[in-house]
Amino acid sequence: MLINCPHCGTRPIEEFTFNGDASPQRPQSQDMNAWYDYIYLRHNPKGRFDEYAHHSSGCRAWLVVTRDTQTHEVFAAVTAKDYARERGTP
Amino acid sequence: MKYSVFSLLKNTLSGHKNWAPAWRDPEPKKEYDVIIIGGGGHGLATAYYLAKIHGITNVAVLEKSWLGSGNVGRNTTIIRSNYMLPGNNPFYEWSMKLWEGLEQDFNFNAMVSQRGVLNLCHTDAQRDAFARRGNAMRLDGVDAELLDAQGVREMYPFLDFANARFPIKGGILQRRGGTVRHDAVAWGYARGADLRGVDIIQNCEVTGIKTNSGKVVGVQTNRGYIACRKLGLAAAGNSSEVAAMAGLKLPIESHVLQAFVSEGLKPYIDGVITFGAGHFYVSQSDKGGLVFGGDIDGYNSYARRGNLPMVEHVIEAGVAMIPGLSRVRVLRSWGGIMDMSMDGSPIIDKTPIDGLYLNAGWCYGGFKATPASGWCFAHTIAKDEPHKLNAAYRMDRFARGHMIDEKGQGATPNLH
Amino acid sequence: MTGFRLDKGGLIDRTTTLNFSFDGKVFTGFQGDTLASALIANNVHLMGRSFKYHRPRGVISAGSSEPNALVTLREGGRQEANTRATMVELYDGLAARSQNRWPSLNFDVGAVNSLASHMFVAGFYYKTFMWPKSFWEKIYEPLIRRAAGLGHASKEADPDKYEKAYAHCDLLIIGSGPTGLMAALTAARAGVRIILADESAALGGSLLNENEEIDSVSGLDWALAALSELRSLPNVTLMPRTTVFGWYDGNVFGAVERVNDHVAEPSPYEPRQRYTRIFARRAVMATGAEERPIVFGGNDVPGVMLASAMRTYANRYAAAAGKSIVVFTNNDSGKRTASDLRRAGVHVEAIIDSRKTAHLIVDVKGGKRVTGVELGNHRSIPCDAVAMSGGWSPIVNLMCHRGAKPLWNESIAGFVPPDVGSAFVAAGSAAGHMLLSECLADGARAGTMKGRVPAVPKCRDERFAVTPLWWVKESTGKAFVDYQNDATAKDLPLAAREGYRDIELAKRYTTAGMATDQGKLGNVNAIAILADATGRTMDQVGTTTFRPYYTPVSFGALAGPFVRHHFQPVRKTPLHDWAYELGATFVEAGLWMRSSWFPMDGEDWLAAATREVLATRSGVGICDVSTLGKIDVQGPDATEFLNRLYCNTFSTLAAGRARYGLMLREDGIVFDDGTTSRLAEDHFLMTTTTANAARVMAHMEFCHQAHWPDLDVQYVSVTEQWGQMAIAGPKARATLQKIVDDITLDDTSFPYLAARPVSILGGMQARLFRISFSGEHAYELAVPADYGSMVARAVMQAGQEFGITPYGVEALSIMRIEKGHVAGGELNGTTTAGDLGLGKMMSTKKDYVGRMMAQREGLQDPNRQCVVGIRPYDPKGKIRSGAHILNKGDAASMAADQGYISSVAWSPMLEMWVGLALVANGRSRHGEIVKLFDGIRNTLTYGVICDPVHYDRENIKLHA
């Protein structure tokens, strides 16, 4: 599997550390249910999936990679910073 | 037909023409008391114990592919009950006890072989952790022995004691641990369940779960709608996808774990050995292949295959542990999809939907748990409440803060 | 023909004679022979024994699919089992041994299994051996295990070296037959960067084995010319002896090159094998097709082989499989073999073509060598070898490694590869094109990256037509589907009758396809027989899953150089040399090597550590603490960032001061701890534990980038930029004062928790922190990494008059346990701040990671296990880490478990064993006598719960 890091170009997977579903957003509220959802529940689809990947052996940027979990086809990778700014606060 | 040396002789005389099928190939009925989704080890065991212990025989096991095609047919065959935490230990020990009587119970030789499971340690801190775990096992009446380096050397002199990056300081041994012929577990449970009236329906994929006023009423499948009063999900690997059909989101990620087998060799490794300084565990099958594995690839996946970085990592650890493996050849590798949960422990519980029960989140510990998982899930379904053995495996434990986290990694599934 | 070596022809060098032995018997062969061809030329056909019945077996194939002729090569750490004789290039002095036989290949006691073969059908294991229960492990299984397996693997380390490499290309071509060569020529001439890989020693594929004609010259000459052209081009990499074993995500291919398997020993500067990950923009699968056996009685008697193999032995190796041959075929390959053999002067007694006669072979006569065949009409034909051809299967394996399934093609009677996109295409006979002209055209097409496909040379086509014949059902002898695993034709219908109808179930039940050839020869036959038994088509039955490895790959190749001491890198601290000079014993801490104790003559670790503690607590000690993670944090929002990361507050920390910080995970559990110093208003230096350094850094990056991208803060790991040493003890100040340039280290100008840049040794810039893990008046001094050892030596010199003593992590650990400081044993990923006695650090005034989830009921439960001190009830007694704690009156049981001892040390100050423990509701149980259960070491003693601070509870020494 190869990932096109926005900083480094196309790099092999062993340079990345994955951290799963990128869809949960850290709640602003003090609602315990919202926190439970955020910490523990995961979108876990068979197919297209947005996930956090850390370019830990590269530029150290956290990315959000869009990938198919069944074919492992990688569609896109953006920085987590851009992803966070784009979707704003919950 | 009971399997025995006599039935084998009798059938030999008749040219093996008269063996009865091990299970029927029934058409799905319109309605069942209980439907289990997933014809793997856990689902089949659940059906078996529902019928055998609870007398519930109007049961169907729906398998989207061939029976045993999931993780029961693609694991590294290890059984053990060497857990540390109170929520886990009694459950896995019950599983071990069921393994010890399983073949006579379901009349199928699954080659349960208590060859011993040895975990190696390489630091003082690891040894202390092993002592803690071993004492927890002893407290629970489970066998455990702490070995020093000499003790390990006497068992396996060919481990790298000479030039290892991480010297072997000792290990923890559970002699009652061992291996089981994995496919035969599925077959034995399937045959036992079928004999008691359970319908095992292969190539039947569930495409929807139907509820009515918060209660399960049936499933939509590629072979039509089937009604049921109770529905048990035992589809580890695909739990999130199946639960989503009932609108449930789970504390689970799906990850691929690779496993490997070498070419057949004359006896080389007698028991199960796990490396403590890298991810590697190995045993030798009765057929002679070294069966081994390592860590998950680390990314969410539903593909039953992995990639080369983990292959290399596993094999490096293997040769680091046993230098003599260098010229042995690896024959085949494959992948299985693991339900990686948020604390590394499973869920066997009721769900917020009436009549819907969940058996999921086995991480890579599912195979050894098969008998107890089926036994407890059957109890939970039949009695509509968990047995005390699976009382800790509740889904609400995360919200309440009662995680069962043996590794202390928190809500990071790929680290469990 | 004299003997079985043909008088002329073949690609062997008759001027170079090679001596070799098989089971101790000496033979000769020629350069260019394989072990199999040389044995055939010496009329040796019995090369192995089968798995279950120990039947005599000869070579079936001339390539990597060989299931029978497996031998053991070499000795000692180089011993290698299960090597295919068909792939072993002969070298002088080669000594091969047969396998799975006792006492000898010729007389194998295990063959008695054959007598009971009527009982040993598919699945018989599962139906018996269950009574009495204990007999399985004691009697049956050991017998089965001894009988099973193939060769013996070495238990010694391998003296040879292995390499890992990476290769990148525009076009990878797998297979160098006519298709692969044509693709390579086409692409190479267009300037495309290509790699051409082939598993054989010589490139050319089938053109080396067959009589073909291309461009008016022989196929061989055409191939040689093509190769010579390819060799001359700079954009071409040729990789012979290279098996591409798997296809992975991202169009990455795994390949192993057998660099030196064709010599007795590699030269000292070369690897035995080299594993390469090939990153290919595009790839062509030009892997050819595999001939299939026919399933008929006695199809395993030595002397029965594939028709194409027999003509390969004749054409390429000038070796005759026999003096008188019977050919059994369902396609045109049989005729081709007959004509090639006749041309080579070998007598062909009969051609039995199932398309032309109903009288098929029902049994092969002979035990260890074919003596004749018997036909369905009871006619016997004497012969000494049988060539069989059941049709051809495109070699689709690689293309199916990522989940796609091949499709049945009726016209060629074979499975053809699926369409997996343009990055990986099949060509030639691998794609089901069975004529040479089609292969050349297909190769040119596949080798064209853009533009028009060039014209290809003219060639002569052999006819290809096949009418399936899977199984001669009238067979009187045993008819094998999977040779190595002894799966017979009758096993498959039996499996189906018993319910194992799916091909995957049938495979597992009968073991057909599970041998070391992974069903290359037998699987299609198995599928056909199962289809027939269950009334399904080939497509309905389908194939089993194709998976890596195309052929088995050595562990050594995949491990490369990362074995033994090089398994993982070694990290040495900037003070390593200093500690080494002083005779330190080092211990692994993750990848680090840490100085653990500094033994003086004859001391064991405990004596040394005890002396180090006493010297430090009474005078001064110095310890390497460089492995702590160090993260430099700067920027206008640095304070806010730290406030959010730590559960305690950093905004109130003054510049020039340090503070202990506690970090939680988002789930409310303690993550890490360490001191953080504020070096300037917007500049902090964080420290982490050694174990969590990398994870804390990644956590910070995640929180910043994913949660708070607008915080204006920068941070970088500086762990490796600083050598850091703790200088502790009543004389620490006096020692340091001697090397510090410009400040007075009194409590006013450098109080407890001061943290400041200082100048030392006449101008070296360093950082000094007055912090203490030992509980003593102590400092940590950080210096640029390259000066670490030098400064440590200078500190030693300065402290000489005070008796300065180096101490290692053992003494460090003793002192922290004496002081009740938590470390790895307590920061174990399941404890809360409250459990550690640090609950008051959790701020109520700000948001921080972990704040919300720490409030969960389960994390607030007063009965949680929390940190306490533990001592033996008998002050002379010993306690050990890992012992569990029970109420004094309770018997040992899980239900009675109260906790466990997490850290233990022999306290030189208290002269007794002391420890820390995690005990349910422990803080309210100080003074309670408890039972210490250490069953795994057969001890049961009593202990007393106490305050975790065992020594200097008032911190008098810290502030002295």
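Check the entry above for the structure.
Scoring rules and cut-offs
Within each chain, residues carry numbers counting from 1 in the order of the written sequence. As a convention, the first chain written is A and the first ligand written is 1, with the rest following in written order. Per-residue local features of the predicted model are confined to residues with pLDDT of at least 70, and side-chain atom pairs are confined, for both listing and counting, to 80 or more; whole-chain, interface and lining totals are unaffected and use all residues. In computing side-chain values, all of the structure's heavy atoms are included and hydrogens and water are not. A helix here means a DSSP run of H or I that spans at least four residues, while a strand means a run of E at least two residues long, and both kinds are numbered starting from the N terminus. In protein, a polar contact means a hydrogen-donor-capable atom and an acceptor-capable atom, both N or O and within 3.5 Å, with residues adjacent in sequence counting only if both atoms are side-chain atoms; elsewhere, any N or O pair within 3.5 Å suffices. The contact criterion used is simple: two residues touch if any of their non-hydrogen atoms lie within 4.5 Å. Structural elements are reduced to axes, namely lines fitted to C-alpha atoms, with helices fitted over the stretch in contact, and the angle between N-to-C directions of any two is expressed from 0 to 180 degrees. Three classes are used, and their members are as follows: Ala, Val, Leu, Ile, Met, Phe, Trp, Tyr, Cys and Pro are nonpolar, Asp, Glu, Lys and Arg are charged, and the others, Gly among them, are polar. The term nonpolar core refers to a set of buried residues drawn from Ala, Val, Leu, Ile, Met, Phe, Trp, Tyr and Cys, joined through side-chain atoms within 4.5 Å. Working definition: with a 1.4 Å probe on protein chains only, accessible area under 20% of the residue-type maximum means buried, over 50% means exposed, and in between means partly exposed. The term buried area means the drop in 1.4 Å probe accessible area that two parts suffer when joined, counted for both and summed. Whenever Lys or Arg places a side-chain nitrogen within 4 Å of a carboxyl oxygen from Asp or Glu, that contact is recorded as a salt bridge. For two strands to pair, DSSP has to find at least two bridges joining them. Centres within 6.5 Å make a pair out of two Phe, Tyr or Trp rings, where for Trp the six-membered ring is used; the pair is then stacked when the planes are under 30 degrees apart, edge-to-face when over 60, and tilted otherwise.

Enquirer: I would appreciate a short explanation of the side chain of Asn-82 of chain B in the present structure.
Expert: Residue and element names in this part refer to chain B. Tracing the chain through its elements places Asn-82 in the loop between strand 3 (78-79) and helix 3 (89-106). Of the polar contacts made by the side chain of Asn-82, one reaches the side chain of Asn-119; its length is 3.2 Å. Those residues within four positions of Asn-82 in sequence are excluded, and the remaining contacts are Val-117, Asn-119, Arg-133, Met-137 and Gln-174.

Enquirer: Sorry, what's going on with the packing of helix 2 (residues 80-87) of chain A against helix 17 (residues 693-707) of chain C here?
Expert: Helix packing geometry: the angle between the two helix axes and the distance between the axes. Two elements in contact, helix 2 of chain A and helix 17 of chain C, have axes whose closest approach is 7 Å; the angle formed by their N-to-C orientations is 35 degrees. Facing helix 2 of chain A, whose interface residues are Ala-80, Lys-81 and Ala-84 of chain A, helix 17 of chain C presents His-704, Gln-705 and Ala-706 of chain C. Looking at the contact of helix 2 of chain A with helix 17 of chain C residue by residue, the class counts come to three nonpolar, two polar and one charged.

Enquirer: So what exactly am I meant to see when it comes to the nonpolar core here?
Expert: Of all hydrophobic cores here, the largest spans 170 residues; its most connected members are Trp-187 of chain B together with Leu-35, Phe-296, Phe-328 and Ile-361 of chain C. Top contributing element to this core by residue count: helix 9 (residues 366-383) of chain B, with eight residues. Sequence-distant contacts of Ile-361 of chain C, defined by excluding residues within four places in its chain, comprise Phe-296, Val-326, Phe-328, Ile-352, Val-373, Glu-374, Leu-375, Val-386, Val-472 and Ser-475 of chain C. The next biggest cluster of nonpolar side chains, apart from the first, holds 50 residues, and it includes Phe-158 of chain B together with Val-256, Ala-559 and Val-563 of chain C.

Enquirer: Explanation requested: the interface of chain B and chain C in the structure shown.
Expert: Frequently, the measure chosen for interface size is the accessible area removed from exposure when the parts meet. Listed per partner, the contact involves 122 residues of chain B and 127 residues of chain C. Each partner contributes to the roughly 10,500 Å² buried at the junction of chain B and chain C, and carbon and sulfur atoms together form 55% of this total. For the interface between chain B and chain C, the tally reads 14 salt bridges. At the junction of chain B with chain C, the criterion picks out 72 residue pairs in polar contact (both at pLDDT 80 or more). Across the side of chain B that touches chain C, the residue classes break down as 56 nonpolar, 33 polar and 33 charged. Where strand 16 (residues 329-341) of chain B meets strand 30 (residues 553-554) of chain C, two bridges bridge the pair, whose relative direction is antiparallel. By the bridge assignment for strand 30 of chain C, Arg-329 of chain B is matched with Ser-554 of chain C.

Enquirer: Which parts of the structure should I look at to understand the interface of chain A and chain B?
Expert: If you look at the interface, chain A gives 23 residues, while chain B gives 28 residues. Both faces considered, chain A and chain B share a buried interface measuring about 2,100 Å² in area, 54% of it formed by carbon and sulfur atoms. If you look at where chain A meets chain B, you find one salt bridge. The salt bridge involving Arg-42 of chain A is made with Glu-253 of chain B; its shortest N-O contact spans 3.2 Å. Elements with a minimum of two residues in the side of chain A that touches chain B: strand 3 (17-21), helix 1 (32-40) and strand 4 (48-54) of chain A. Across the side of chain A that touches chain B, the residue classes break down as nine nonpolar, eight polar and six charged.

Enquirer: What is the right way to look at the packing of aromatic side chains in this model?
Expert: The geometry of an aromatic ring pair is captured by the separation of the ring centres together with the interplanar angle, meaning the angle of the planes. The full count for this structure, using the stated rule, is 59 aromatic pairs over all chains. When the ring of Trp-187 of chain B is compared with that of Tyr-509 of chain C, the centres are 5.6 Å apart and the planes differ by 75 degrees; the resulting orientation is edge-to-face. One end of the pair, Trp-187 of chain B, is in helix 6 (residues 182-195); the other, Tyr-509 of chain C, is in helix 10 (residues 503-510), on a second chain. In this structure, Trp-187 of chain B and Tyr-509 of chain C share a single accessibility class: buried. Between the aromatic rings of Tyr-500 of chain C and Tyr-509 of chain C, the centroid separation amounts to 3.7 Å while the plane-to-plane angle is 10 degrees, which identifies the pairing as stacked. By relative accessible area, which is 3% here, Tyr-509 of chain C ends up buried.

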